[in-house]
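Each chain is listed here by its residues.
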Amino acid sequence: LTDIVPAALLALCDWRDLERRVCGDATVDVDLLRRHTECGAGLSATAPCVEWFWEVLREFSPEQRRRFVRFVWA
């Protein structure tokens, strides 16, 4: 890691801050995800099935949301 980031800069971060900077936030912001999602196959962002999808995703636990993002990202 110190080949990329100088050790002096790493010393300014604790492990939680470093983890967040490397891995990103552990929480999935559904509103942010929705704003950056494009519908395809002739679907509208206001189609009932798309609205239901976002409702269900909001009901997921934080762990379920993380798993969902990992699934669709792979």
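Here the structure is a predicted model, which means the values were calculated and not measured. (Residues numbered from 1 in each chain as written. Predicted model: local features only at pLDDT ≥ 70, side-chain atom pairs only at ≥ 80, totals over all residues. Heavy atoms only, no water.)

Draft legend 1. Main features of the layout of surface pockets. In this structure, the largest pocket occupies an estimated 230 Å³ of space. For the lining of the largest pocket, the elements supplying multiple residues, two or more each, are helix 2 (15-23) and helix 5 (62-73). Of the residues forming the lining of the largest pocket, the biggest block, four residues, is contributed by helix 2. Counted by class, the lining of the largest pocket contains four nonpolar, one polar and six charged residues. Residue lining of the second largest pocket: Thr27, Val28, Asp29, Leu32, Leu33, His36 and Val69, and that is the complete set. (1 Å grid on protein atoms, 1.4 Å probe; cavity = no way out; pocket = protein on both sides within 12 Å on 5 of 7 lines; lining within 4 Å. Points joined across faces, edges and corners; volume = space filled by probe spheres on them. Helix = DSSP H or I, 4+ residues; strand = E, 2+ residues; numbered from the N terminus. Nonpolar A, V, L, I, M, F, W, Y, C, P; charged D, E, K, R; others polar.)

Draft legend 2. Molecular detail of the environment of Arg66. Here Arg66 lies in helix 5. Among the residues examined, Arg66 registers a relative accessible area of 24% and is labelled partly exposed. When the C-alpha positions of Arg66 and Val50 are compared, they lie 19 Å apart, and in sequence the two are 16 residues distant. Not counting the four nearest positions on each side in its chain, Arg66 is found in contact with Ala26 and Val28. (Buried < 20%, exposed > 50% of the residue type's maximum accessible area, 1.4 Å probe, protein only. Contact = heavy atoms within 4.5 Å.)

Draft legend 3. Spotlight on unusual backbone geometry. Look at Ala41: it is not a glycine, yet its phi comes out positive at around 55 degrees. Tracing the backbone through its elements, the reader meets Ala41 in the loop between helix 3 (30-35) and helix 4 (48-59). Since its relative accessible area comes to 87%, Ala41 is described here as exposed.

Draft legend 4. Spotlight on the packing of aromatic side chains. Inspection of the entire model under this criterion finds two aromatic pairs. Note on Phe53 and Phe68: the rings are 5.7 Å apart at their centroids and 50 degrees apart in plane angle, and the pair reads as tilted. You can see Phe53 sitting in helix 4 and its partner Phe68 sitting in helix 5, a full 15 residues away along the chain. For Phe68, a relative accessible area of 21% gives the class partly exposed. An aromatic cluster is defined as three or more aromatic residues linked by ring pairs; in this entry it consists of Phe53, Trp54 and Phe68. (Phe/Tyr/Trp six-rings, centres within 6.5 Å; stacked < 30°, edge-to-face > 60°.)

Read these as geometric descriptors, not functional statements.
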